[in-house]
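# Descriptive analysis of the structure
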Amino acid sequence: MPYLYDAHVGGAMISDAIGRRTEERLRKFADNRFPGRFRELGVWFRGQFCYVDLFRDPGPTPDGWSAEESAETREQYRDRLAATPIHLMRLRYFGNPDRWSFALFNYANEDYEPATFPTREAAGKPEDALELVLKAHLD
């Protein structure tokens, strides 16, 4: 039986050094490619996975919002929104810093769903996955 490669199964543990370099790469890319478009990028690691979240400035409170009808002040409301991450994606590491697979966070089922790169490849650079996801959220 031939070997079938699945970029969304398995992976290699991410060392502290690879984690630091990957986080630096992602933050630098996002800051250069999307300057001033978000408040913060959250990057964290567990096992073979790198998780990426987005934190945005909540902007003005919505029309019709009233502190009298809410259990929180306007400042508490804005602080809560600013501290709430938007889950973007999960990268899966396979031992090569330039070849990761990725999965998009699906809020409908609160899980990650496998995705492919724009090149239709199952694996690629983490910056390419981040660009795809940030374009969808920031444009």
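Residues numbered from 1 in each chain as written. Predicted model: local features only at pLDDT ≥ 70, side-chain atom pairs only at ≥ 80, totals over all residues. Heavy atoms only, no water.

## A look at the nonpolar core
Generally speaking, soluble globular proteins have nonpolar side chains that are buried together. In this structure, L41, M89 and L130 are the most contacted members of the largest nonpolar core, which totals 25 residues. Of all elements in the fold, only α1 (16-33), β1 (40-46), β2 (49-55), β3 (86-96), β4 (99-106) and α3 (126-138) reach the threshold of two or more residues within this core. Sorting elements by how many residues they give to this core places α3 first, with five residues. Setting aside residues no more than four positions away along its own chain, M89 makes contact with C50, Y51, V52, F102, A103, L104, F105, Y112, P126, A129, L130 and V133. In this structure, F49, A103, F105 and Y112 belong to the second largest nonpolar core, which totals five residues. (Core = buried A, V, L, I, M, F, W, Y, C linked by side-chain atoms within 4.5 Å. Buried < 20%, exposed > 50% of the residue type's maximum accessible area, 1.4 Å probe, protein only. Helix = DSSP H or I, 4+ residues; strand = E, 2+ residues; numbered from the N terminus. Contact = heavy atoms within 4.5 Å.)

## Points about the side chain of E127
The topology assignment puts E127 in helix α3. Discounting residues that sit within four places of it in the chain, E127 has contacts with R25, L26 and F29.

## Considering the sheet that holds β4
Strand order in the open sheet formed by five strands is β1-β2-β3-β4-β5, with antiparallel pairing between adjacent strands. If you trace the sheet from one side to the other, it starts and ends with β1 and β5 (111-115), each paired once. For this sheet, the mean inter-axis angle between neighbouring strands, taken without regard to orientation, is 30°. For β2 and β3, the ladder comprises six bridges, and the chain directions are antiparallel. Note on β3: the bridge partner recorded for V52 is M89. Against the sheet, α1 engages β1, β2, β3 and β4, with an angle of about 160° to β1. (Pairing = 2+ DSSP bridges. Axes fitted to C-alpha atoms, helices over the stretch in contact; angles between N-to-C directions.)

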